[in-house]
Amino acid sequence: MSVAELKERHVAAAATVNSLRERLKQKRLLLLDTDVAGYSRLQGRSAISFGPTDLVCCRTLQGHTGKVYSLDWTPEKNRIVSASQDGRLIVWNALTSQKIHAIKLPCAWVMTCAFSSSGQTVASGGLDSVCTIFNLNSPIDKDGNLPVSRILSGHKGYVSSCQYVPDDDTHLITSSGDQTCVLWDVTTGQRISVFGGEFPSGHTGDVLSVSINGSNSKIFVSGSCDATARLWDTRIASRAVRTYHGHDGDVNTVKFFPDGQRFGTGSDDGTCRLFDMRTGHQLQVYQQPGGIDVPTVTSIAFSSSGRLLFAGYSNGDCFVWDTLLAKVVHNLGSLQTSHEGRITCLGLSADGSALCTGGWDRNLKIWAFGGLRKVT
């Protein structure tokens, strides 16, 4: 068979696949007779209202000299770790803005960071394709730096995201540009399971984000450049439990809903989406009317009850969505106290009382509800 014939067959096969994909998409749409917002409107629900003092910037954490790419809160709510392309992790006291640790990284091109459940260790990963662990209780070396406690090596591409298994300092999940996720034993530094890669049900593009189910730590979801999110069970590494379609661009961020039965996604297509974990159905799309240059969604987080969805965007917007009505009820990016430029990461404290955002302006900002109102 000639090269020309092979090319012709490849083009025909690609056209068939695209046709089937479009037919499946239309079938899914026919099954969705309504969405969360439509049902909520029928029930007479009204959107949450925000006043000018309901959500305010109470602190700006300054100290990084490069773009901030990732942040994470400790479970006890008063410490934050941030990762910046100045080559450092900084551990902050969120109540006083004091820097507790400034950790020099082996590789400056960091993309992610995470606290362990106990708050005693932090992990980071980036373009060096490894996940580096630091024990915050270790004595500093002769140069004044905190030594590396463990290096988790095995990925064949950059480490895009990492998260410790809830209530377990010894296990951690990473995602990577090598199209896989890995469950690690932090104590030994060994891989326990690899998710994706050579398996046909795995991602077909770089994996950009992971989120572990807070109700069942054996379950996690991943988002990828292949425009899908996939559900995994750590007890069945050979295949994804379910694949979720709907986005038209890279899925940059995923986050489980507080009840553990749903999860949210954010994408380069400018939308956030809410999926039902069990049925695979898309429950809601959160999208602002726009033209061609739609800002990408970089990071998302849910309030404690799930009524609010916080979403950071590449243009500096930080929308607060009412998840029931699919309406933007506030935009932190429009305030004078907000970031200058792209918001890259955000996260809610464990008790839901504060939101932290980070951006290309090298700062982190802590937002709290004014008066007696809390994030619900």
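Whatever comes next refers back to the structure up there.
Caption draft 1: How the structure looks around the nonpolar core. If you look at the biggest cluster of nonpolar residues, it comprises 16 residues, and the most contacted ones within it are F50, L55, L308, F310, V320, L332 and L355. Beyond its immediate chain neighbours, meaning those up to four positions away, V320 contacts F50, L55, L308, L309, F310, K327, V328, V329, H330 and L332. Counting 14 residues, the second largest nonpolar core, distinct from the first, contains F257, I300, A311 and F319.

Caption draft 2: Expanded view of the packing of aromatic side chains. This structure, assessed with the given rule, holds eleven aromatic pairs. Centre to centre, the rings of F195 and F220 are 5.1 Å apart; their planes meet at 80°, and the pair counts as edge-to-face. Of this pair, F195 sits in strand β13 (residues 190-196) while F220 sits in strand β15 (residues 219-224), placing them 25 residues apart in sequence. In this structure, F195 and F220 share a single accessibility class: buried. Ring centres of Y244 and F263 lie 4.8 Å apart, and the angle between their planes is 85°; this geometry places the pair in the edge-to-face category. On the criterion of sequence distance, the pair formed by Y244 in strand β17 (residues 242-244) and F263 in strand β19 (residues 262-267) is long-range, its members being 19 residues apart.

Caption draft 3: Broad picture of the pattern of salt bridges. Scanning all chains against the criterion turns up nine salt bridges. Measuring nitrogen to oxygen at the nearest pair gives 3.4 Å for the salt bridge that ties R230 to D226. One exposure class covers both R230 and D226, and it is buried. Residue R262 pairs with D259 through a salt bridge whose shortest N-O separation is 2.1 Å.

Caption draft 4: Geometry of the sheet that holds strand β16 (residues 229-233). If you trace the four strands from one edge of the open sheet to the other, you get β14-β15-β16-β17, paired in antiparallel fashion. With partners counted over all chains shown, the strands left at the sheet margins are β14 (207-212) and β17, one partner each. Pairs of neighbouring strands in the sheet enclose a mean axial angle of 25°, with direction left out of account.

Caption draft 5: Highlighting the sheet that holds strand β2 (residues 68-73). Sheet architecture is open: four strands sit in the order β2-β3-β4-β5, paired in antiparallel fashion. The open sheet terminates on both sides in strands that have one partner only, identified here as β2 and β5 (99-104). Each adjacent strand pair in this sheet contributes to an overall mean axis angle of 15°, direction not counted. Bridging between strand β3 (residues 79-84) and strand β4 (residues 88-93) involves six bridges; their strand directions are antiparallel. Bridged to A83 within β4 is L89.

Caption draft 6: Main features of empty space enclosed by the protein. By the definition in use, this model includes one cavity of 30 Å³ or more. As a volume, the largest cavity reaches approximately 60 Å³. If you trace the largest cavity, you find it lined by L105, P106, C107, W109, V110, S124, G125, G126, D128 and T132. The leading source of residues in the lining of the largest cavity is strand β7 (residues 121-126), at three residues. Along the lines of polarity and charge, the residues of the lining of the largest cavity split into five nonpolar, four polar and one charged.

Caption draft 7: The arrangement of the environment of T188 in detail. Relative to the elements of secondary structure, T188 occurs in the loop between β12 (180-185) and β13. Linking T188 and I151, residues 37 residues apart in sequence, is a C-alpha distance of 9.8 Å.

Caption draft 8: Representation of the pairing of β15 within the structure. Counting buried residues along β15, six of its six residues qualify, which places the element largely inside the surrounding structure. On β15, burial covers both faces: I219, V221 and G223 on one face and F220, S222 and S224 on the other are all buried. Pairing analysis gives five bridges linking β14 to β15, with the strands arranged antiparallel. From the neighbouring strand, I212 faces β15, where its bridge partner is F220.

Conventions we followed
Residues numbered from 1 in each chain as written. Predicted model: local features only at pLDDT ≥ 70, side-chain atom pairs only at ≥ 80, totals over all residues. Heavy atoms only, no water. Core = buried A, V, L, I, M, F, W, Y, C linked by side-chain atoms within 4.5 Å. Buried < 20%, exposed > 50% of the residue type's maximum accessible area, 1.4 Å probe, protein only. Contact = heavy atoms within 4.5 Å. Phe/Tyr/Trp six-rings, centres within 6.5 Å; stacked < 30°, edge-to-face > 60°. Helix = DSSP H or I, 4+ residues; strand = E, 2+ residues; numbered from the N terminus. Salt bridge = Lys/Arg side-chain N within 4 Å of Asp/Glu carboxyl O. Pairing = 2+ DSSP bridges. Axes fitted to C-alpha atoms, helices over the stretch in contact; angles between N-to-C directions. 1 Å grid on protein atoms, 1.4 Å probe; cavity = no way out; pocket = protein on both sides within 12 Å on 5 of 7 lines; lining within 4 Å. Points joined across faces, edges and corners; volume = space filled by probe spheres on them. Nonpolar A, V, L, I, M, F, W, Y, C, P; charged D, E, K, R; others polar.

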